[in-house]
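Single-letter residue listing:
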Amino acid sequence: MSVRESILREMGLGPIWRLRDAPEAELPEVELPEVEVDAPPEHSTPKAAPSAAPDAAPRRLSSEMLSMAREANAATDATPASVPAASRENTARAGDLDWDALTQTIQSCRDCSLCEQRTQAVPGVGDRQADWLIVGEGPGAEEDARGEPFVGKAGKLLDAMLSAIGLARGENVYLTNAVKCRPPMNRPIDASELAACAPYLARQIALIKPRLIVVLGRPAAQALLNTDIRIASARGRCFDYHGIPVVVTYHPAYLLRNPLDKAKAWEDLCFARRQMRDRSSGNGDA
Ligand code: URA
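Residues numbered from 1 in each chain as written. Predicted model: local features only at pLDDT ≥ 70, side-chain atom pairs only at ≥ 80, totals over all residues. Heavy atoms only, no water.

Colleague: For this particular structure, what's the right way to read the state of the cysteines?
Modeller: In protein structure, a disulfide is the covalent linkage between the sulfur atoms of two cysteines. This structure, assessed with the given rule, holds 0 disulfides. Just so you know, Cys115 is unpaired, no disulfide at all, and the nearest cysteine sulfur is the one on Cys112, 6.4 Å from it. Not engaged in a disulfide, the cysteine Cys181 finds its nearest cysteine sulfur in Cys197; these two sulfurs lie 6.1 Å apart. Judged by its relative accessible area of 8%, Cys181 falls in the buried class. (Disulfide = S-S within 2.5 Å. Buried < 20%, exposed > 50% of the residue type's maximum accessible area, 1.4 Å probe, protein only.)

Colleague: What's the story with the side chain of Thr103 in this structure? I'm lost.
Modeller: Its place among the elements puts Thr103 in helix H4 (residues 99–108). Setting aside anything within four residues of it in sequence, one finds Thr103 in contact with Pro123 and Arg128. (Helix = DSSP H or I, 4+ residues; strand = E, 2+ residues; numbered from the N terminus. Contact = heavy atoms within 4.5 Å.)

Colleague: So what exactly am I meant to see when it comes to the packing of H4 against helix H7 (residues 191–208) here?
Modeller: The contact between H4 and H7 brings their axes to 11 Å, and the two run at 160°. Comparing the axis directions of H4 and H7 gives the class roughly antiparallel. As H4 runs across H7, the sense of the crossing is left-handed. Together, Trp99, Leu102, Thr105 and Ile106 of H4 and Tyr200, Arg203, Gln204, Leu207 and Ile208 of H7 make up the contact between the two elements. (Axes fitted to C-alpha atoms, helices over the stretch in contact; angles between N-to-C directions. Parallel < 35°, antiparallel > 145°, perpendicular 65-115°, else oblique. Left-handed = near helix turned anticlockwise from the far one by under 90°.)

Colleague: Would you mind going over the pairing of strand S3 (residues 173–177) with me for this structure?
Modeller: Side-chain direction in a regular strand flips from residue to residue, so the side chains alternate between the two faces of the sheet. Burial of S3 is extensive: 5 of the 5 residues sit out of reach of the surface. The side-chain alternation of S3 yields two buried faces, one formed by Val173, Leu175 and Asn177 and the other by Tyr174 and Thr176. Inspection of the sheet shows strand S1 (residues 125–126) paired to S3 by 2 bridges, in the antiparallel sense. Looking across to S3, one finds that Gly126 is bridged to Tyr174. Where strand S2 (residues 132–136) meets S3, 5 bridges bridge the pair, whose relative direction is parallel. (Pairing = 2+ DSSP bridges.)

Colleague: Is there a simple way to explain the site of the ligand in this structure?
Modeller: Around the ligand, 10 residues are found, and the nearest of them are Glu137, Gly138, Phe150, Asn177 and His251. One of the backbone N or O atoms of Phe150 is found 2.9 Å from an oxygen atom in the ligand. Expressed as a share of its isolated accessible area of 240 Å², the protein-covered part of the ligand is 100%. Residue composition of the shell around the ligand, grouped by class: 2 nonpolar, 5 polar and 3 charged. (Near = heavy atom within 4 Å. Polar contact = N/O pair within 3.5 Å; in protein donor to acceptor, adjacent residues only side chain to side chain. Areas by Shrake-Rupley, 256 points an atom, 1.4 Å probe, with all protein chains shown as cover. Nonpolar A, V, L, I, M, F, W, Y, C, P; charged D, E, K, R; others polar.)

Colleague: Is there a simple way to explain the sheet that holds strand S6 (residues 244–249) in this structure?
Modeller: The strands making up a sheet are joined through hydrogen bonds of the backbone, oriented either antiparallel or parallel. What the 6 strands build is an open sheet, ordered S1-S3-S2-S4-S6-S5; its pairing is mixed. Across the chains shown, the open sheet's two edge strands, defined by having one partner strand only, are S1 and strand S5 (239–241). Where H7 meets the sheet, its contacts fall on S2, S3, strand S4 (212–216), S5 and S6, and the angle it forms with S3 comes to roughly 170°. Together, S2, S4, S5 and S6 form the strand contacts of helix H8 (residues 218–225), whose direction differs from that of S4 by roughly 135°.

Rendered as structure tokens:
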């Protein structure tokens, strides 16, 4: 079995999906990560109703969705209806920072309650001049302990997904989250927390200048795009963040619990890669 087949199999896609738009020779040899496909959720997707709210707590919801989500999340009541404008102080503070100052500011940030129980803030990791930016929701327990995003089970699946399209952590890819501190008990992040962190993500994007952003899960999508997004209906579309194309897909923690949807995530990544290629070759609308 080839490395690529192994990776696709590890993602649960081996028999179904094949990479159609790249010859095998283009894909790098990669180590196959150990991924526990049926692992329990590692992150903050609401535990009360995983099947009804697959992409974790949304940031903005239509009123109908909001009441459904409220019902579904009655145990936590943590589904935000809207996000307040980003804190002015944060925005002003983050606006002109260079990498070192930005990292330091994030690490010492106390602008929302997430600072109270974090071990450390998790600013991001990877190539600071990457073409690809991957944005998740927020650090989980292992990320909080290690100070690096996506190092737990979901992160291993993310690594496998990236490998399957010829990318590797740290090589032309930067990984970060919509919020930089772990929500206690992995609860859903709320609107004010997203707003407090938004300037940090904005500054990271301004510094990296990625050519494409892949957003993982609904809260991150709504944080970045500031609009009411459902992953199922946003898939296959290219959004815009200040001129940078944005592709949304399922969060890997969701995929660990819903392995059948890995096929869709695989399609989304192939779509993202096509966008990157088409834009490089000047076919921006493809
Ligand atoms: N889930 C996320 O969204 N981000 C991480 O860094 C880890 C898990």
